[in-house]
Amino acid sequence: MKSFIEHLSEAEYDGRKVTLNKPFRSDDKKKKFYVYVKNEKGNVIKLGFGDPNMDIKRDNPGRLAGFRARHQCDTDPGPKWKARYWSCKFWEKGKTVTDLLDSVDVDESILEASRSGKNTHMTHIEDRVIYGGVKGARESILALRSLRDMLAGKVSSSTNVTEKWDGAPAVFAGIDPSDGKFFVAKKGIFNKDPKVYKSEADVRNDTSGDLADKLVIAFNELKDLGIKNVIQGDIMFTKGDLESESIDGEKYITFQPNTLVYAVPSGSDLAKTISKANLGVVWHTTYKGDSFESMTASYGVDVSSLKKKKTVWYQDADLKNLSGTATLTKADTEEVTAQLSKAGKIFQKIKSTTLNELENNPELATKLETFNNTLVRKGERIKSTAKHVNDLIAWFDTKYKKEYEKRKSAKGKENVLKKQEEEMKFFSKENRKNLDMMFQLMNAIVDAKLIIINKLDKLKEIDTFIRTKKGFKVTGSEGFVAIDYNTNGAVKLVDRLEFSTNNFSPDVIKGWER
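Before going into details, it helps to say that this report is about the structure given with it. (Residues numbered from 1 in each chain as written. Predicted model: local features only at pLDDT ≥ 70, side-chain atom pairs only at ≥ 80, totals over all residues. Heavy atoms only, no water.)

## Section: the state of the cysteines
What counts here: In what follows, a disulfide is any cysteine sulfur pair within 2.5 Å. Numbering of helices and strands runs from the N terminus; a helix is a DSSP stretch of H or I covering at least four residues, while a strand is a stretch of E covering at least two. Type-normalised accessible area, obtained with a 1.4 Å probe on protein chains alone, sets the label of each residue: buried when under 20%, exposed when over 50%, and partly exposed for intermediate values.
Evaluated as defined, the whole model comprises one disulfide. The disulfide bridge from Cys73 ends at Cys88, spanning 2.0 Å between sulfur atoms. Looking along the S-S bond of the Cys73-Cys88 disulfide, the torsion reads about -80°, which is the left-handed sense. Of this pair, Cys73 sits in the loop between α1 (61–70) and α2 (83–90) while Cys88 sits in helix α2, and the two are 15 residues apart along the sequence. We classify Cys88 as buried; its relative accessible area is 0%.

Below, the structure is given as structure tokens:
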């Protein structure tokens, strides 16, 4: 049986962002728990499991053994998109329901992206140290240097920054290369069996509810824009999503597709434009190719080529007026430079063998990121890097101990020990020392990143808030993407602690919860 390794991954279900592989309690009394997963076709589904009228009596050895034997939990629990898989997980020895609700599975799509070399999983800039080897670590530092120079008023020709917008659902629109017809689609466009909608009927036959309504509006409004190739964006609002609200005594036109509330001052030209629109979209990616299967992506959309339409508000995700405009103060620039200088000195001390070993072992690298994310979810950063290395090794030991205890046969236990011995070879005395410096390097990158994020936030055109039980609270954007147009490579710049608080705090009211 595969071990259950914690990892968060964001996806989309019924037009809103959800967290994959993270079970939650049911409130409909039909099932005990639900979890969002990807099925065998790559579609996100909401999977229910567990009888709401029965208790999980895993503390009873007989009940535990009987359940796990009946459902083949130790030999063949089935795929992740089946209820049996998750029921087996909740009948594990030594774990409480709270433990299990706080843990999630590794996202295999991340591992597949790493194995194949495809640019399908955009990493946080500091995580390039874990995944990218020597080249990735160097590129992280150089990317921040380039952003520093841009924000200090120096022109950069190869780097651009786009804003991450907290919209939903994602929408694809363009021309189907197989028949030349216009379509809209959701993220299933690149599945083995692509789903594209070329009429209202196509949308209604495959979707329902608010998602169907939004896609129908998108189809009718976007077909007149003269879109060539295929472009991707996020729907920010349809007409019914716009509200007039007062925040700190000022009147705004607001829309809240997910967690963030976007607010435009009433009476402004932008508010007037948005108020006339039936649809609002922010475009960020262009795809070209002779078929959906062969299409390649490039960051950015040339919105100047699209026709104007009063009932559609759209823009690209680029931050405006970056190059040549001094945004960082002299003190800010010196602080970023100091952190990058610190990062460079640490980088020079790290043995390339350690970095490259992680780069060539994406499963191990993913586990390191997973462990780091346990702090992020608590709203904490790495403080003592030496302690963090020791805690990481202890985390691995605990995982393998639990895996060992689950095995019934001597051969099964032996296999766990062999796997543990093989994986723990990485944590040699030299690699432990290099891991300590790696985490120091990541901290320095994060310190520089946060200064830059703070300045980039001041360039956004629309104010952002979170809606809490006590009213509105100012917050930063969802994040930014730094793009190198020479390589078409990109990394995320996100304030992960703020992001974690906004997304996991019970005090924050999401758009779909209203």
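That shown, we press on.
## Quick notes on the sheet that holds strand β12 (residues 260–265)
Heads up, the rule is: Paired strands, as defined in this entry, are two strands with at least two bridges between them according to DSSP. Only C-alpha atoms enter the line fits that serve as axes; for helices the fit covers just the stretch in contact. Angles between N-to-C directions range over 0 to 180 degrees.
With respect to topology, five strands assemble into an open sheet ordered β10-β11-β12-β16-β17, the strand pairing being antiparallel. Each of the sheet's edge strands pairs with one partner strand only, and the pair in question is β10 (243–247) and β17 (471–474). With strand direction ignored, the average angle separating the axes of adjacent strands in the sheet is 45°. Summarising the sheet, strand β11 (residues 250–255) and β12 pair through four bridges and their orientation is antiparallel. For Thr254, the partnering residue across the bridge sits in β12 and is Ala263.

## Here's the deal with the pattern of salt bridges
For the record, the criterion: Only one rule defines a salt bridge in this text: a Lys or Arg side-chain nitrogen within 4 Å of an Asp or Glu carboxyl oxygen.
Counted under the stated rule, the structure contains 24 salt bridges. For Lys195, the salt bridge goes to Asp206, with nearest N and O atoms at 3.3 Å. Taken together, the residues Lys195 in the loop between β8 (182–185) and α7 (200–206) and Asp206 in helix α7 connect sequence positions 11 residues apart. The closest approach of N and O atoms between Asp213 and Arg204, which form a salt bridge, is 2.8 Å. Taken together, the salt bridges that share partners define one network made up of Glu126, Asp127, Lys449 and Arg496.

## Side note on empty space enclosed by the protein
Summary: where empty space remains is shown by rolling a probe the size of a single water molecule over the atoms. Note the threshold: A 1.4 Å probe that fits but cannot get out identifies a cavity on a 1 Å grid over protein atoms alone, an open set with protein on both sides within 12 Å along at least five of seven lines counts as a pocket, and a residue lines either if it has an atom within 4 Å of a point. Grid points are joined across faces, edges and corners, and a volume is the space filled by probe spheres set on the points. Three classes are used, and their members are as follows: Ala, Val, Leu, Ile, Met, Phe, Trp, Tyr, Cys and Pro are nonpolar, Asp, Glu, Lys and Arg are charged, and the others, Gly among them, are polar.
Under the counting rule described, the total for this entry stands at two cavities of 30 Å³ or more. Forming the boundary of the largest cavity are Glu163, Trp165, Gln315, Asp318, Leu319, Lys320, Leu459, Lys460 and Glu461. Residue composition of the lining of the largest cavity, by class: three nonpolar, one polar and five charged.

## With respect to the pairing of β8
In β8, alternate side chains face the same way, and those of Phe182 and Val184 on one face and Phe183 and Ala185 on the other are all buried. Bridge count for strand β7 (residues 170–175) against β8 is four bridges, and the pairing is antiparallel. In the sheet register, Gly174 faces β8, and the bridge partner there is Phe183. Counting the residues between successive antiparallel strands, the hairpin from β7 to β8 contains six residues, one of them, Gly180, with a positive phi of roughly 75°.

## A closer look at the packing of helix α13 (residues 385–406) against helix α14 (residues 410–424)
Helix packing for two helices is described by the angle between their axes and how far apart those axes are. Convention followed: Put simply, angles under 35 degrees are roughly parallel, angles over 145 are roughly antiparallel, angles from 65 to 115 are roughly perpendicular, and the rest are oblique. By convention, the crossing between two helices is left-handed when the near helix turns anticlockwise from the far helix through less than a right angle, and right-handed when the turn is clockwise. Residues count as neighbours in contact if any of their non-hydrogen atoms are within 4.5 Å of one another.
Two elements in contact, α13 and α14, have axes whose closest approach is 9 Å; the angle formed by their N-to-C orientations is 165°. Comparing the axis directions of α13 and α14 gives the class roughly antiparallel. Considering how the two elements wind past one another, α13 and α14 form a crossing that is right-handed. From α13, Ile393, Phe396, Asp397, Tyr400, Glu403, Tyr404 and Glu405 reach across to α14, where they touch Lys413, Val416, Leu417, Lys419, Gln420, Glu423 and Met424.

## Considering the pairing of strand β18 (residues 479–484)
With five of six residues buried, β18 is to be regarded as a mostly interior element. As paired elements, strand β6 (residues 159–164) and β18 share six bridges and run antiparallel to each other. From the neighbouring strand, Asn160 faces β18, where its bridge partner is Ile483. As paired elements, β18 and strand β19 (residues 489–493) share five bridges and run antiparallel to each other. In the sheet register, Asp484 faces β19, and the bridge partner there is Gly489.

## As for the environment of Leu358
Tracing the backbone shows Leu358 in helix α11 (residues 352–359). Exposure remark for Leu358: the relative accessible area of 0% places this residue in the buried category. Placed 10 residues apart in sequence, Leu358 and Leu368 show a C-alpha to C-alpha distance of 9.4 Å. Sequence-distant contacts of Leu358, that is, excluding residues within four places in its chain, are made with Ile130, Leu364, Ala365, Leu368, Phe426, Leu435 and Met438.

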